[in-house]
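Each chain is listed here by its residues.
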Amino acid sequence: MCETGKPVVGQFVKVIRGRDQEKYAIIIGIVDDRFVWIADGKKRKFDQPKKKNLQHLQLLNGVSREVANSIRESGRVTNSKLRYALNKFVEKQLSEAREKGE
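Small disclaimer: the values here were computed from a predicted structure and weren't measured. (Residues numbered from 1 in each chain as written. Predicted model: local features only at pLDDT ≥ 70, side-chain atom pairs only at ≥ 80, totals over all residues. Heavy atoms only, no water.)

How do you make sense of a positive patch on the surface when you look at a structure like this?
On the surface, Lys23, Lys42, Lys45 and Arg83 cluster together into a patch of positive charge. Considering the arrangement of structural elements, one finds Lys45 in the loop between strand S3 (35–39) and strand S4 (50–53). Owing to a relative accessible area of 37%, Lys45 belongs among the partly exposed residues under this scheme. (Patch = residues over 30% accessible without salt bridge, like charges linked within 9 Å, V, L, I, M, F, W, Y side chains within 5 Å. Areas by Shrake-Rupley, 256 points an atom, 1.4 Å probe, with all protein chains shown as cover. Salt bridge = Lys/Arg side-chain N within 4 Å of Asp/Glu carboxyl O. Lys, Arg positive; Asp, Glu negative; His and termini not counted. Charge placed at Lys NZ, Arg CZ, Asp CG, Glu CD. Helix = DSSP H or I, 4+ residues; strand = E, 2+ residues; numbered from the N terminus. Buried < 20%, exposed > 50% of the residue type's maximum accessible area, 1.4 Å probe, protein only.)

In C-alpha cells, the structure reads:
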C-alpha cells in the first residue's frame, strides 16, 4: 500500500463484503476515490473485472510489481499472471501466520 493509504494498481485486497467475501483479489484499475476494479484471474477474469466499493475491501500491504508493470506497459495483464501473483501472496501470508503461531 502506498503511504497515503489510497489504493494502487497491483495492490492485493481481501473482499470483506459481498458474494466473494473472504476471497483475495488484485486491483487492476481505479475508478475514483470510492471504487476500484478487481480481478483474481479465476472467477473474476481481467476482461470481466468486478467494480467494488473500497469500503467493502480490506487493502493489504502488498503490491504485485509484475501486475502493475504489465498494466502500465500494455494496458492489460494475463489471468495466469494474476493467479500466480495471488497464489504467491496468499502462501506467503499463510507461512507468516504459521510462524507467528509457533
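Would you mind showing me how to read the pattern of salt bridges here?
This model, assessed by the stated rule, comprises four salt bridges. The salt bridge partner of Lys14 is Glu22, with a shortest N-O separation of 3.3 Å. Across the salt bridge formed by Asp47 and Arg76, the nearest N and O atoms sit 3.4 Å from each other. One end of the pair, Asp47, is in the loop between S3 and S4; the other, Arg76, is in the loop between helix H1 (65–74) and helix H2 (79–101), with 29 residues separating them in the sequence. For Asp47, a relative accessible area of 57% puts it in the exposed group. When salt bridges that share partners are traced, they join Asp20, Lys43 and Arg44 into one network.

Sorry, what's going on with the side chain of Ser64 here?
Tracing the chain through its elements places Ser64 in the loop between strand S5 (57–63) and H1. Given a relative accessible area of 6%, Ser64 falls into the buried group. Setting aside its immediate chain neighbours within four residues, Ser64 contacts Gly10, Phe12 and Ala85. (Contact = heavy atoms within 4.5 Å.)

Would you explain the layout of surface pockets in this entry?
Over the atoms rolls a probe the size of a water molecule, and in doing so it shows where empty space is left. Space inside the largest pocket adds up to approximately 230 Å³. Lining the largest pocket we find 13 residues, and of these Phe12, Val63, Lys88, Phe89 and Lys92 sit closest to its centre. Going through the elements one at a time, S5, H1 and H2 are the ones with two or more residues in the lining of the largest pocket. Considering every element that reaches the lining of the largest pocket, the biggest residue donor is H2, with six residues. Here the lining of the largest pocket is composed, by residue class, of four nonpolar, four polar and five charged. Lining the second largest pocket are Lys23, Tyr24, Asp40, Lys42, Lys43, Arg83, Leu86, Asn87, Val90 and Glu91. Top element by residues in the lining of the second largest pocket is H2. It accounts for five residues. Of the residues contributing to the lining of the second largest pocket, the split by class is three nonpolar, one polar and six charged. (1 Å grid on protein atoms, 1.4 Å probe; cavity = no way out; pocket = protein on both sides within 12 Å on 5 of 7 lines; lining within 4 Å. Points joined across faces, edges and corners; volume = space filled by probe spheres on them. Nonpolar A, V, L, I, M, F, W, Y, C, P; charged D, E, K, R; others polar.)

As far as function goes, none of this settles anything; it's purely spatial.
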